[in-house]
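Notes for the structure review
What follows is the residue order along each chain.
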Amino acid sequence: MIAHFLHHTKREKDVSMMYEDDYSFSKGYIAPVERILWKGKPAKGNLFSAGDLFMIPFSILWCGFAVFWAVSAIRDGAPFFFYLFGAIFVCAGLYFVFGRFLWVAYLRKHTAYVITNKKIIRKRGKRIDMLSAATMPPANTIIHKNGCGTIRFSAMNSYYKGSFSATGMDMNTFTLENVPDVLRIQQAIDAMER
């Protein structure tokens, strides 16, 4: 009985430490007067976006041409430079066909969000971004078929110029991607002090 209690307590402590570690990055960015309204991580799934209707056929054509180029260069005994040139395009093609989805999944696994009454803090990989409630642009909420949602704040300042949404790095918007219970998050955003 005591061993079961100790094991159960240790497991709760391990889970609590793991949960704490996922959001400990935000501690240095939260003022004493702030309170946390919500914290969470992206859910799995929903790797495809509307832009993929164009990107997937384009990336298959790109990759097919690059492979054709590389095979032709090898078959015709072209100089080494042509092999290298073809290999670069094949790698780019493979990234656009497969790699970008793996990259998005990797980034989501290493992403966490914290919403306080004053700001939204996002950790994506090693990068930490913040969006102040005082300067928050309008938000667009997209609800996915699985019940998760994406909240996208557009019209960002010059720091976020340049959109790479097809590669999984959309720098033109501050986004809370594929988050569960999106309506609760929207309520937390509405409750922020502007």
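To be clear, the structure that these remarks concern was listed above.
These numbers come from a predicted model, not from an experiment.

A few points about the packing of aromatic side chains
Enumeration according to the criterion identifies 7 aromatic pairs in this entry. Both rings, one in Trp62 and one in Phe96, keep their centres 6.4 Å apart while their planes meet at 65°; by these two values the pair is edge-to-face. Of this pair, Trp62 sits in helix α2 (residues 52-75) while Phe96 sits in helix α3 (residues 80-109); the two residues are 34 residues apart in sequence, bridging distant segments of the chain. Ring geometry for Tyr95 against Phe96: centres 5.7 Å apart, planes inclined by 70°, an arrangement best described as edge-to-face.

Regarding the sheet that holds strand β6 (residues 149-153)
One key point about sheets: their strands pair by backbone hydrogen bonds, in either a parallel or an antiparallel sense. The 3 strands are arranged β5-β6-β9 in an open sheet whose pairing can be described as antiparallel. The two strands at the open ends of the sheet, each matched to only one other strand, are β5 (139-143) and β9 (174-179). Strand-to-strand twist of the sheet, defined as the mean angle between neighbouring strand axes without regard to direction, takes the value 10°. Sheet topology note: the β6/β9 ladder contains 4 bridges and is antiparallel. The partner of Phe153 across the bridge, within β9, is Phe174.

Description of the pattern of salt bridges
Tallying each qualifying case throughout the model produces 9 salt bridges. We note a salt bridge from Asp181 to Arg184, for which the minimum N-O separation is 3.9 Å. A residue is classified by how much of its surface remains accessible, and Arg184, at 45% relative accessible area, is partly exposed. A cluster of three or more residues bridged by salt bridges with shared partners is formed by Arg35, Lys118 and Glu193.

A closer look at the side chain of Ser72
Along the chain, Ser72 falls in helix α2. By relative accessible area, Ser72 is classed as buried at 13%. Looking at Ser72, its side chain comes within polar contact range of the main-chain oxygen of Phe68, at 2.9 Å.

As for the pairing of strand β2 (residues 111-116)
The buried fraction of β2 amounts to 6 of the 6 residues, a majority that puts the element mostly inside the structure. Of the two faces of β2, the one lined by Thr111, Tyr113 and Ile115 and the one lined by Ala112, Val114 and Thr116 are each fully buried. Of the pairings in the sheet, the one linking strand β1 (residues 36-40) to β2 comprises 4 bridges and is antiparallel in character. In the sheet register, Gly40 faces β2, and the bridge partner there is Tyr113. Note: β2 against strand β3 (residues 119-124), 5 bridges, orientation antiparallel. Within the sheet, the bridge partner assigned to Ala112 lies in β3 and is Lys123. Hairpin connection from β2 to β3: 2 residues lie between these consecutive antiparallel strands.

Rules and cut-offs
- Within every chain, residues take consecutive numbers counted from 1 along the sequence as written.
- Since the coordinates come from a predicted model, pLDDT governs what is reported: local features require at least 70, and pairs of side-chain atoms require 80 or more to be given and counted, while whole-chain, interface and lining totals use all residues.
- To obtain the side-chain values, all non-hydrogen atoms of the structure were used and water was disregarded.
- Pairing of aromatic rings covers Phe, Tyr and Trp, the last through its six-membered ring, and needs centres within 6.5 Å; plane angles under 30 degrees mean stacked, over 60 mean edge-to-face, and all others mean tilted.
- To qualify as a helix, a DSSP run of H or I must reach at least 4 residues; to qualify as a strand, a run of E must reach at least 2; elements of each kind are numbered from the N terminus.
- DSSP bridges decide pairing: two strands pair if at least two such bridges lie between them.
- Only C-alpha atoms enter the line fits that serve as axes; for helices the fit covers just the stretch in contact. Angles between N-to-C directions range over 0 to 180 degrees.
- Any carboxyl oxygen of Asp or Glu that lies within 4 Å of a side-chain nitrogen of Lys or Arg is treated as forming a salt bridge with it.
- Per-residue accessibility, obtained with a 1.4 Å probe over protein chains only, is compared with the maximum for each type, and a residue is labelled buried under 20%, exposed over 50%, and partly exposed between these values.
- By the criterion applied in these results, polar contacts are pairs of N or O atoms within 3.5 Å in which, for protein atoms, one can donate a hydrogen and the other can accept it, and in which residues neighboring in sequence qualify only through two side-chain atoms.

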